[in-house]
Amino acid sequence: MKRILSILLCASLLFVFVGCGSQGEGKPQGDNKTNSSSNISSDEKSEQKLFKLTAAKKVDKFDDENTVVVCWGDSITQGMAMSEGYTYPQHLQGQIGSAFRVINAGVPGETSEAILSRANAIEICLTNDVTFKKGESQVALDRNLFKSVGAETPITYKGFGNQLRLNNVIIDGKKYTIEYEKGESYDVGTYKLTRENTVSALTLKAGTKVKYDYSSQYKKIHCNVIYIGGNDGKLTADVIINKYKKLTALNENYIVIIPHYSENDLAKEFKEAFGDKALDIREYMIKQAHIDYGVELTGMDGYCIKKNIVPTSYSYKNQRGDAHLNELGYKILADQVYKKGQQLGYWK
């Protein structure tokens with residue numbers, strides 16, 4: 001009897017020891033890493049290690065200089081604090097190659113209304129009278145130079161963008177040039193409007209329609225990539241989608257990036273409005289990006305995923321909830337835009 005009890009006791013101890021050992025193979029105590037790759041095969045893990053973040057391939061010559069892909073947006077598109085070669089339009093250019101020139105039309109701090117006006121997606125006019133004296137070729141204006149037709153409040157501009165600049169405008173059927181002189185900060189500066197004919201005095205009346213002229217930069221837009229709303233305050237689906245629609249109406253080829261930074265997940269409404277042309281970068285970064293790019297998620301990433309927020313591993317300075325992305329985040333964004341364009345037949 002004693003012998004039987006001894007055997008049973010040893011078996012019990014062995015069972016406990018083995019059980020504890022199997023638990024020890026899981027997440028270690030105090031480790032801030034999330035075991036995100038437990039269901040990934042060894043082949044997939046090997047592929048993950050092959051990914052290395054590098055600057056975008058530089059493309060200088062294009063098959064058609066006059067046909068472009070324009071990325072409209074604010075500082076997310078412009079690529080705040082990114083080194084040369086790491087903005088998402090630059091990565092997109094490297095992937096598209098020489099077929100089309102990609103233009104970065106992002107301006108930090110701009111609202112959707114300002115972006116829409118620069119794209120000629122809404123009608124704009126002079127906010128106030130502009131008077132040139134006889135022999136005077138240039139007058140200085142403040143940042144409230146234009147407004148939407150019928151609106152009371154002027155459009156707030158933030159200077160110039162990376163590549164698609166304000167420069168040339170058509171006012172009352174004639175060409176003018178705009179130059180921006182930066183002040184103490186990018187929010188404070190002067191816009192200088194220049195005319196060619198200085199023979200006589202001229203007054204351009206408030207309300208006179210204005211249109212941007214990009215004929216010197218391109219003749220045709222092949223595709224618009226749109227990512228706006230970051231400076232509009234709290235986003236509601238109906239309002240921001242209506243603004244996106246004004247831009248999508250300019251060209252049948254477009255990709256709309258669903259705002260990943262919104263407190264509300266707008267994916268459902270955007271997909272209903274734009275179908276396959278809507279890109280949900282938030283969903284991809286939460287569910288799939290760490291697998292495709294071999295990212296070992298942190299504890300904070302896990303928290304963000306539970307809150308339906310883009311993981312900090314892709315955010316600027318790894319800050320939770322920041323609208324701006326880091327080098328890897330912009331690379332991922334560019335890859336997804338490129339793949340979406342392939343699916344839609346915009347490029348090979």
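Residues numbered from 1 in each chain as written. Predicted model: local features only at pLDDT ≥ 70, side-chain atom pairs only at ≥ 80, totals over all residues. Heavy atoms only, no water.

Caption draft 1: Structural detail: the sheet that holds strand 5 (residues 138-141). Strand order in the open sheet formed by 7 strands is 5-9-8-7-11-3-6, and the pairing between neighbours is antiparallel. Edge positions in the open sheet fall to strand 5 and strand 6 (146-148), since each of these has one partner strand only. The average undirected angle you get between the axes of adjacent strands in this sheet is 40°. Sheet topology note: the strand 8 (residues 174-182)/strand 9 (residues 189-194) ladder contains 6 bridges and is antiparallel. Bridging across to strand 9, Glu 181 finds its partner in Thr 190. (Pairing = 2+ DSSP bridges. Helix = DSSP H or I, 4+ residues; strand = E, 2+ residues; numbered from the N terminus. Axes fitted to C-alpha atoms, helices over the stretch in contact; angles between N-to-C directions.)

Caption draft 2: Structural view of the packing of helix 6 (residues 237-248) against helix 7 (residues 267-274). Across the interface, helix 6 lies against helix 7 with an axial gap of 11 Å and an inter-helix angle of 35°. With respect to the hand of their crossing, helix 6 and helix 7 are arranged in right-handed fashion. For the pair helix 6 and helix 7, contact is made by Ala 237, Ile 240, Ile 241, Tyr 244, Lys 245 and Thr 248 and by Glu 269, Phe 270, Ala 273 and Phe 274, respectively. By residue class, the composition of the contact of helix 6 with helix 7 is 7 nonpolar, 1 polar and 2 charged. (Left-handed = near helix turned anticlockwise from the far one by under 90°. Contact = heavy atoms within 4.5 Å. Nonpolar A, V, L, I, M, F, W, Y, C, P; charged D, E, K, R; others polar.)

Caption draft 3: Highlighting helix 4 (residues 88-96). Among the 9 residues in helix 4, 7 count as buried, and that is most of the element. Among all positions of helix 4, only Tyr 88, Pro 89, His 91, Leu 92, Gln 93, Gly 94 and Ile 96 are buried. Contacts from the buried residues of helix 4 go to strand 1 (67-73), helix 3 (75-78), strand 2 (101-106), strand 12 (220-227), strand 13 (254-257) and helix 11 (327-343). Just downstream of helix 4 lies Gly 97, where phi reads positive at about 80°. (Buried < 20%, exposed > 50% of the residue type's maximum accessible area, 1.4 Å probe, protein only.)

Caption draft 4: Structural detail: the pattern of salt bridges. Tallying each qualifying case throughout the model produces 10 salt bridges. In this structure, Asp 280 engages Lys 271 in a salt bridge whose closest nitrogen and oxygen atoms are separated by 3.8 Å. Take Asp 280: its relative accessible area is 12%, and that puts it in the buried class. We classify Lys 271 as partly exposed; its relative accessible area is 38%. Two residues, Lys 287 and Glu 283, come together in a salt bridge whose shortest N-O distance is 3.5 Å. Taken together, the positions of Lys 287 and Glu 283, both in helix 8 (residues 281-287) and 4 residues apart, correspond to about one turn of that helix. (Salt bridge = Lys/Arg side-chain N within 4 Å of Asp/Glu carboxyl O.)

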